[in-house]
Every structure is written in structure tokens, then in C-alpha cells.
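# Fold and contact review
Read off the chains here:
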Amino acid sequence: MSDVGLTHLDPLGRARMVDVTPTEATHRRAIARGRVFMKPETTSLVARGAITKGDVLAVARVSGIQAAKRTADLIPLCHPLLVGSVLVNFRIEDEYVEIEAQVETVDRTGVEMEALTACAVAALTIYDMCKSIDRAMTINEVALWEKTGGRSGIFRREPDFDDLDL
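Description of the structure in this document. (Residues numbered from 1 in each chain as written. Predicted model: local features only at pLDDT ≥ 70, side-chain atom pairs only at ≥ 80, totals over all residues. Heavy atoms only, no water.)

### Looking at the environment of Arg28
Along the polypeptide, Arg28 turns up in strand β1 (residues 26-37). The spatial distance from the C-alpha of Arg28 to the C-alpha of Thr148 is 5.5 Å, given a sequence separation of 120 residues. Discounting chain neighbours no more than four positions away, the residues touching Arg28 are Thr23, Val103, Glu104, Thr105, Asp107, Arg108, Thr109, Gly110, Val111, Thr148, Gly149 and Gly150. Among the polar contacts listed, one links the side chain of Arg28 to the side chain of Thr26, at a separation of 3.2 Å. A polar contact of 3.4 Å, which involves the side chain of Arg28, links it to the backbone oxygen of Arg108. (Helix = DSSP H or I, 4+ residues; strand = E, 2+ residues; numbered from the N terminus. Contact = heavy atoms within 4.5 Å. Polar contact = N/O pair within 3.5 Å; in protein donor to acceptor, adjacent residues only side chain to side chain.)

The following block contains the structure:
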């Protein structure tokens, strides 16, 4: 099994954590984005800070930061990293709240999973805080948008036509 290049399997096909010991620590950064789609009335309440549970975006920001720091506890075989920086920001549109999570470190492996986890947990927090008024919300489009550092170099997702602000 492992001869087909599956890095998380040992020669006997058992799960293993990839050995990053020989890898040199370098600066690494990842950006993930996702959207919570909701009724326009809900986005308006979020924007005005009028959700009864409190400041949705402030709580979602903290939950995203916490999640990035705990990624290795949530994702099997993910390396625990010394996370140097986590930024979680939001953009409110008529029918969705967009989340952007940026994570940086100087370490032996990348922070893609930390950025994706921060984004997903921030989205779940938004859902949790708004569900009493809008149970039809959906969480979509959680994706890695950029990653720098490490052996594989730079990755940048090409935006879809719908993502361009024209």
C-alpha cells in the first residue's frame, strides 16, 4: 500500500504520522476561506450586532483562533505546531458571511490544516449563534486559498468568476 506514495501509511499499511524530523524549520503561511450562507435578515442582524446571543463575529474570531491552536487535537496524524500568528476576519454580504483565516508559523510542516480548521470552526460558531433565527443556514466553500513555505512552495487558488468583486 505505501509503495503508491501514501505518506500516512507505514510499509505494512498501518496509519502513521509522517516523520518531519529531518525537515528544516521555515516560515510557513496558509490562508483559508469559507462562507456561511443565510437569509439577508440574518446578515443584517449580524452586521448590526443585534443577535441575542451576543457579538457573533467577536465570538467566531476567538473560536477560530482557539481552533487553529488545537488542530492537532482534532485531526488525527496532524503535527502539533507552534502557531505564531492567527488572524480571522469577516466580510458580510447580503446572503453570506465570508470568513478568512490566516495562520503563520516557523516550523517543519505547513499550517494549511490550522487555517482550514480555524475557518471551519469560526463558521460553525456563526451557525451556532444564529441558528435560533435561521436554521436554513449552510456552510460552504471552505477551501485553502494560499499557502507559502516548505518544499512544495507557493500555492494560490484561482478565484472563480463569482468571487470577483466587479
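What follows continues from the structure just given.
### A short note on the nonpolar core
The nonpolar side chains of a soluble globular protein tend to be buried, and buried together. The biggest cluster of nonpolar side chains holds 30 residues, and the ones touching the most others in it are Val46, Val56, Phe90, Ile99 and Ile126. Those elements that place two or more of their residues in this core are β1, α2 (56-69), β2 (83-92), β3 (96-107) and α4 (112-130). For this core, the element with the most residues is α4, which contributes 8 residues. (Core = buried A, V, L, I, M, F, W, Y, C linked by side-chain atoms within 4.5 Å. Buried < 20%, exposed > 50% of the residue type's maximum accessible area, 1.4 Å probe, protein only.)

### As for the pairing of strand β4 (residues 138-148)
When a strand is regular, its side chains alternate between the sheet's two faces. Note: β1 against β4, 8 bridges, orientation antiparallel. Across the sheet, the residue bridging to Ala30 is Lys147, located in β4. The sheet contact formed by β4 and strand β5 (residues 155-156) spans 2 bridges and is antiparallel. Bridging across to β5, Lys147 finds its partner in Phe155. Between β4 and β5, which follow one another and run antiparallel, lie 6 residues, and Gly149 among them has a positive phi close to 90 degrees. (Pairing = 2+ DSSP bridges.)

### A look at the pairing of β1
By the bridge criterion, 12 bridges tie β1 to β3 in an arrangement that is antiparallel. Within β3, the position partnered with Thr26 by the bridge is Asp107.

### Overview of the pattern of salt bridges
One pass over the full model with this rule turns up 11 salt bridges. Across the pair Asp128 and Lys53 runs a salt bridge whose closest N-O atoms are separated by 3.9 Å. Of this pair, Asp128 sits in helix α4 while Lys53 is found in the loop between α1 (40-48) and α2, placing the two residues 75 residues apart along the sequence. Between Arg156 and Glu146 there is a salt bridge; the shortest N-O distance is 3.3 Å. With Arg156 in strand β5 and Glu146 in strand β4, this residue pair connects regions lying 10 residues apart in the sequence. (Salt bridge = Lys/Arg side-chain N within 4 Å of Asp/Glu carboxyl O.)

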